[in-house]
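Close look at the chain arrangement
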Amino acid sequence: MDSMANEPAQFERVLEIVSSSSKILLATHENPDGDGLAAMLAFDLWLISLGKDATLLVKEELPSHLKFLPALDLIYKEIPGHEYDLLVGFDYGDFKRLGLDEWLAGQTKVKILTFDHHPARSQKGDIQIIDEKAASTTVLIYRLLQAAHAEITPQIATCILTGIVIDTGGFEHSNANAEALKIAGEMMRKGANLARITRA
């Protein structure tokens, strides 16, 4: 699925849902990788700039080589509280990989957003931003931030570039397309340190 054609309308709906939500849960998949974590963290940093407070969830240990990513200490292993009105899932491919099936069954009001560059198969969401041609899920977050005219801080830039570097194998895989390279250059200009990310 290539969602770029209808992304502007989808992003408008994302902005509407985010602005109307007060209890937001962000989650990425089991065995978390750099792209899923970085996409979630970039999204959270954007929410903070909007004055929104979110809960971040990863149900397993975080990879030690990604400790340089900002705000990792804010991530929970279990969901605090009960009722949420918005769940945002990142980079998970199959919803079961979030480990939230049982929790979701008990939610009565929650809406779901999904950002993923894996093929559309077993994702869930009232809005699904899915584009398998995107080099990484952080590319999709970049597109959202552009549509929202959001400021890309050095921390956000670090997250976006990390996802691109990891999922393109350091720009060696075939998905290291022109868009990924252009965004990578911009993130470096915004303060992301490519050498540090590559070393990590």
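The structure reproduced in this document is the subject of the present report. (Residues numbered from 1 in each chain as written. Predicted model: local features only at pLDDT ≥ 70, side-chain atom pairs only at ≥ 80, totals over all residues. Heavy atoms only, no water.)

Observations concerning the packing of aromatic side chains
In this description, an aromatic ring pair is defined by two values, namely the gap between the centres and the angle between the planes. Taken as a whole, this structure holds 6 aromatic pairs when the rule is applied. Between Phe43 and Phe115 the ring centres are 5.6 Å apart and the planes differ by 55°, which places this aromatic pair in the tilted class. Of this pair, Phe43 sits in helix H2 (residues 34–49) while Phe115 sits in strand E5 (residues 111–116); the two residues are 72 residues apart in sequence, bridging distant segments of the chain. Each member of the pair Phe43 and Phe115 is classed as buried. (Phe/Tyr/Trp six-rings, centres within 6.5 Å; stacked < 30°, edge-to-face > 60°. Helix = DSSP H or I, 4+ residues; strand = E, 2+ residues; numbered from the N terminus. Buried < 20%, exposed > 50% of the residue type's maximum accessible area, 1.4 Å probe, protein only.)

Remarks on the packing of helix H1 (residues 7–20) against helix H4 (residues 137–147)
Relative orientation of the contacting elements H1 and H4 amounts to 75°, with a least axis distance of 10 Å. Taken together, the axes of H1 and H4 lie roughly perpendicular to each other. Mapping the contact onto sequence places Glu7, Phe11 and Val14 in H1 and Leu140, Arg143, Leu144 and Ala147 in H4. Classifying every residue of the contact of H1 with H4 gives 5 nonpolar, no polar and 2 charged. (Axes fitted to C-alpha atoms, helices over the stretch in contact; angles between N-to-C directions. Parallel < 35°, antiparallel > 145°, perpendicular 65-115°, else oblique. Contact = heavy atoms within 4.5 Å. Nonpolar A, V, L, I, M, F, W, Y, C, P; charged D, E, K, R; others polar.)

Some details on the pattern of salt bridges
Evaluated as defined, the whole model comprises 4 salt bridges. Among the salt bridges present, the one from Lys77 reaches Glu61, with a minimum N-O distance of 2.1 Å. With Lys77 in the loop between strand E3 (75–76) and strand E4 (86–90) and Glu61 in the loop between strand E2 (54–57) and E3, this pair connects stretches of sequence that are 16 residues apart. On the basis of relative accessibility, which here comes to 57%, the residue Glu61 falls in the exposed class. Note that Arg143 is salt-bridged to Asp131, the shortest N-O span being 3.0 Å. Within this pair, whereas Arg143 is found in helix H4, its partner Asp131 is found in the loop between strand E6 (127–130) and H4, the two being separated by 12 residues in sequence. For the pair formed by Arg143 and Asp131, the shared burial category is buried. Each of Glu7, Asp131, Arg143 and Glu179 takes part in salt bridges that share partners, so that together they form one network. (Salt bridge = Lys/Arg side-chain N within 4 Å of Asp/Glu carboxyl O.)

A closer look at the nonpolar core
In terms of nonpolar packing, the biggest core is built from 55 residues, with Leu26, Phe43 and Phe115 touching the most fellow members. Setting aside its immediate chain neighbours within four residues, Phe43 contacts Val18, Leu26, Val88, Phe90, Phe115, Ile141 and Leu144. Listed in part, the 14 residues of the second largest apolar core include Ile79, Tyr84, Tyr92 and Trp103. (Core = buried A, V, L, I, M, F, W, Y, C linked by side-chain atoms within 4.5 Å.)

Structural notes on the side chain of Asp44
Within the secondary structure layout, Asp44 lies in helix H2. We note that Asp44 is buried and unpaired, the nearest opposite charge coming from Lys52 at a distance of 12 Å. Apart from the residues within four sequence positions on either side, Asp44 is in contact with Leu26, Ala54, Leu56 and Leu74. (Lys, Arg positive; Asp, Glu negative; His and termini not counted.)

Here's the deal with H2
Residue pairs spaced three or four apart in an α-helix point in one direction, given the helix's 3.6 residues per turn. The terminal C-alpha atoms of H2 lie 22 Å apart, and with 16 residues this matches the ideal 22 Å at 1.5 Å per residue to within 8%. Taking burial as the measure, the 16 residues of H2 include 14 buried ones, the bulk of the element. Between a side-chain oxygen at the N-terminus of H2 and the backbone nitrogen of Asp35 the separation is 3.3 Å; the capping residue is Asp33. (Expected span 1.5 Å × (residues − 1). Polar contact = N/O pair within 3.5 Å; in protein donor to acceptor, adjacent residues only side chain to side chain.)

Considerations on unusual backbone geometry
The bulk of non-glycine residues show a negative phi, and the bulk of peptide bonds are trans. Positive phi outside glycine occurs at Asp91, with the angle close to 65°. When you line up the elements, Asp91 lands in the loop between E4 and helix H3 (101–105). One non-glycine residue, Phe171, lies in positive phi territory at about 70°. Counting through the fold element by element, Phe171 comes out in the loop between helix H5 (154–167) and helix H6 (178–189).

As for the pairing of strand E1 (residues 24–28)
Burial of E1 is extensive: 5 of the 5 residues sit out of reach of the surface. Where burial is concerned, the two faces of E1 agree: the one with Ile24, Leu26 and Thr28 and the one with Leu25 and Ala27 are both buried. In this region the chain leaves E1, passes through H2 and returns to the parallel neighbour E2; the handedness of that crossover is right-handed. (Right-handed = clockwise from strand over helix to strand, strands pointing away.)

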